[in-house]
Amino acid sequence: MNTKDMKPATLAAQAGGVIDPQSGGVVVPIQPSTTFVRGQDYAPLNSANTYARDHNDTARIAEEVLAQLEGAADALLFPSGMAAIAALFRTVPNGGAVIVQSGIYWGTTKWIRDFCARREITCHEVDASDADALDALSNDVTAHIVWIETPSNPWLKTVDIARAASAAKKAGALLAVDNTAATPVLSQPLALGADIVMHSATKAINGHSDVLAGVLCTKAQDKVWEMIAEDRATAGAVIGPFEAWLLLRGMRTLPLRVKEMCRNAEKVAAYLADHPRVTEVLYPGLASHQGHAVAARQMAGGFGFLMSFCVKGSREDALAVAGRLKLFHRATSLGGVESLVEHRHTIEPHTGIPETLLRISVGIEDAGDLIDDLAQALGQS
Ligand SMILES: *Cc1c(COP(=O)(O)O)cnc(C)c1O
């Protein structure tokens, strides 16, 4: 069967159908070599490999699986999500311009602002979940990149990817989508008109909170993509072979994990939405959510595992709820098999995050156990 015809569950479970040709193993080996031998004629024994900064078979196989999952022409792995973002933005010339969604992952916003200031790049920030606002800006300015994140972290705003793609075209920009919170299982931005998809593979793609990795996937192997690949090879922001191998292992269960996390998250969101001590639940799966209609259209099979909710009362009340949770670990990050809770205001107090907001990443534990934990932490009143 051609991998093009395979559904994500099949692609992932079989790691793209690759077996180890040497041993016949159904799992590919880790290739740790940093250098590769040349023959007597001085030609490399294997024409694909001379030096590990750009040549590693294990990373290549992981990239193939990721490209297949995203329906991409090519994928490149990086040692973290931020390294992937930096590689893309380094293609913008000094004095250029970018359009960036406001209220997204704080690490992205902070790095892009600093980078743009250093390189005299104009950074237009806009609430891209308001498609009209993004449209209006794109009529007025030209840019190299439009950067969106949907659902966004930690506000869970939904951006209409197809509309953002046409806005980007008007601004003469390519559309790049941070697809971390949706995963390729729920959302395929390239099919909706995006040019580049980025993931913090540290999150659900690996799924076990034990690998730091990032990836860029491209619709076309064009000039910008060549620049990114060249920059990675020469500047050296590459993933190690063991991390690439762990990613391959984690991805085998990606569709299974995401499906269960979405099922759990829907139950948790419904429980929280009904709770008298919860004033607001931000989750695209709720019919009351700002972006529910768009999310229902562009996400398939679920609305993700990430949500935020506001506790009635003060900052101290929210922190006390987080403190009483027994199953949800109080830790940053998201997308792992274990559920996590975070008080984002402690991390980014200056971004307008409510002091009473708790962000949770729902794992694959029993949904009833998770709800019981939230119930005891919130109190029944
Ligand atoms: C974690 C995260 C990143 C950054 O990725 P790292 O792997 O931590 O460098 C970027 N975007 C989103 C949405 C994230 O959650």
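Definitions and cut-offs
Residues numbered from 1 in each chain as written. Predicted model: local features only at pLDDT ≥ 70, side-chain atom pairs only at ≥ 80, totals over all residues. Heavy atoms only, no water. Phe/Tyr/Trp six-rings, centres within 6.5 Å; stacked < 30°, edge-to-face > 60°. Lys NZ or Arg CZ within 6 Å of the ring centre and 35° of its normal. 1 Å grid on protein atoms, 1.4 Å probe; cavity = no way out; pocket = protein on both sides within 12 Å on 5 of 7 lines; lining within 4 Å. Points joined across faces, edges and corners; volume = space filled by probe spheres on them. Nonpolar A, V, L, I, M, F, W, Y, C, P; charged D, E, K, R; others polar. Near = heavy atom within 4 Å. Polar contact = N/O pair within 3.5 Å; in protein donor to acceptor, adjacent residues only side chain to side chain. Helix = DSSP H or I, 4+ residues; strand = E, 2+ residues; numbered from the N terminus. Contact = heavy atoms within 4.5 Å. Buried < 20%, exposed > 50% of the residue type's maximum accessible area, 1.4 Å probe, protein only. Pairing = 2+ DSSP bridges. Axes fitted to C-alpha atoms, helices over the stretch in contact; angles between N-to-C directions. Left-handed = near helix turned anticlockwise from the far one by under 90°. Expected span 1.5 Å × (residues − 1).

Caption draft 1: Just the packing of aromatic side chains, in detail. Applying the stated criterion across every chain, the model contains 4 aromatic pairs. Among the aromatic residues, those joined into a cluster by ring pairs are Phe 89, Trp 111, Phe 115 and Trp 147. One Lys or Arg, Arg 232, reaches over the ring of Phe 78 and ends 5.9 Å from the middle of that ring.

Caption draft 2: Representation of the layout of surface pockets within the structure. In this structure, the largest pocket encloses a volume near 370 Å³. Taken together, 17 residues make up the lining of the largest pocket; nearest its centre are Asp 20, Gln 22, Pro 29, Gln 31 and Asp 57. A class-by-class count of the residues in the lining of the largest pocket yields 10 nonpolar, 5 polar and 2 charged.

Caption draft 3: How the structure looks around the site of the ligand. Taken together, 13 residues sit near the ligand, with Met 82, Asp 178, Ser 200, Thr 202 and Lys 203 positioned nearest. Contact distances for the ligand include 2.9 Å between an oxygen atom and a backbone N or O atom of Gly 81. Within the side chain of Asp 178, an N or O atom sits 2.7 Å from a nitrogen atom of the ligand. Counted by class, the shell around the ligand contains 4 nonpolar, 6 polar and 3 charged residues.

Caption draft 4: Just the environment of Trp 147, in detail. Considering the arrangement of structural elements, one finds Trp 147 in strand β4 (residues 145-149). Trp 147 sits 29 residues away from Ala 176 along the chain, and the two C-alpha atoms are 5.0 Å apart. Dropping the residues within four chain positions of it, Trp 147 is found in contact with Ile 85, Leu 88, Phe 89, Ile 99, Val 100, Gln 101, Ile 104, Thr 108, Ala 176, Asp 178 and Met 198.

Caption draft 5: Representation of unusual backbone geometry. Between Thr 150 and Pro 151 the backbone carries a cis peptide bond, its omega angle lying at -10 degrees. Examined against the element boundaries, Pro 151 turns out to sit in the loop between β4 and α6 (161-170). With omega at 10 degrees, the peptide bond leading from Asn 153 into Pro 154 counts as cis. When you line up the elements, Pro 154 lands in the loop between β4 and α6. Despite not being glycine, Glu 120 shows a phi value in the positive range, around 55 degrees. Checked against the element boundaries, Glu 120 lands in the loop between α4 (106-119) and β3 (122-126). Look at Glu 120 and you get exposed, because its relative accessible area is 65%. Positive phi values are uncommon outside glycine, yet Ser 333 reaches one of about 85 degrees. Within the element layout of this structure, Ser 333 appears in the loop between β10 (329-330) and β11 (340-342).

Caption draft 6: The arrangement of the sheet that holds strand β8 (residues 278-282) in detail. If you trace the 5 strands from one edge of the open sheet to the other, you get β8-β9-β12-β11-β10, paired in mixed fashion. One side of each edge strand has no neighbouring strand; the edge strands of this open sheet are β8 and β10. Both β8 and strand β9 (residues 306-311) contribute to a ladder of 4 bridges, which runs antiparallel. Counted as the bridge partner of Glu 280 is Cys 310 from β9.

Caption draft 7: Geometry of the packing of helix α2 (residues 57-70) against helix α9 (residues 241-251). α9 packs onto α2 with a crossing angle of 35 degrees between their chain directions and a minimal axis gap of 8 Å. Considering the relative orientation of α2 and α9, their crossing is left-handed. In this structure, α2 contributes Thr 58, Ala 59, Ile 61, Ala 62, Val 65, Leu 66 and Leu 69 to the contact, and α9 contributes Pro 241, Ala 244, Trp 245, Leu 248 and Met 251. Class assignment of the residues belonging to the contact of α2 with α9 gives a composition of 11 nonpolar, 1 polar and no charged.

Caption draft 8: Structural detail: the side chain of Glu 348. Among the secondary structure elements, Glu 348 is positioned in the loop between α13 (344-347) and β12 (357-361). Glu 348 sits in the buried class, given a relative accessible area of 3%. A polar contact of 2.9 Å, which involves the side chain of Glu 348, links it to the side chain of Arg 344. Among the polar contacts made by the side chain of Glu 348, one reaches the side chain of Thr 351 at a distance of 2.8 Å. Here Glu 348 is in contact with Trp 106, Pro 154 and Ile 353, once residues within four sequence places are set aside.

Caption draft 9: View of α2. Helix length check: α2 (14 residues) gives 20 Å between terminal C-alpha atoms against 20 Å at 1.5 Å per residue, within 8%. Within α2, 10 of the 14 residues are buried, leaving the element largely enclosed by the surrounding structure. Every buried residue belonging to α2 is among Thr 58, Ala 59, Ile 61, Ala 62, Glu 63, Val 65, Leu 66, Ala 67, Leu 69 and Glu 70, and all of these are buried. Once α2 ends, the next one or two residues include Gly 71, with phi positive near 65 degrees.

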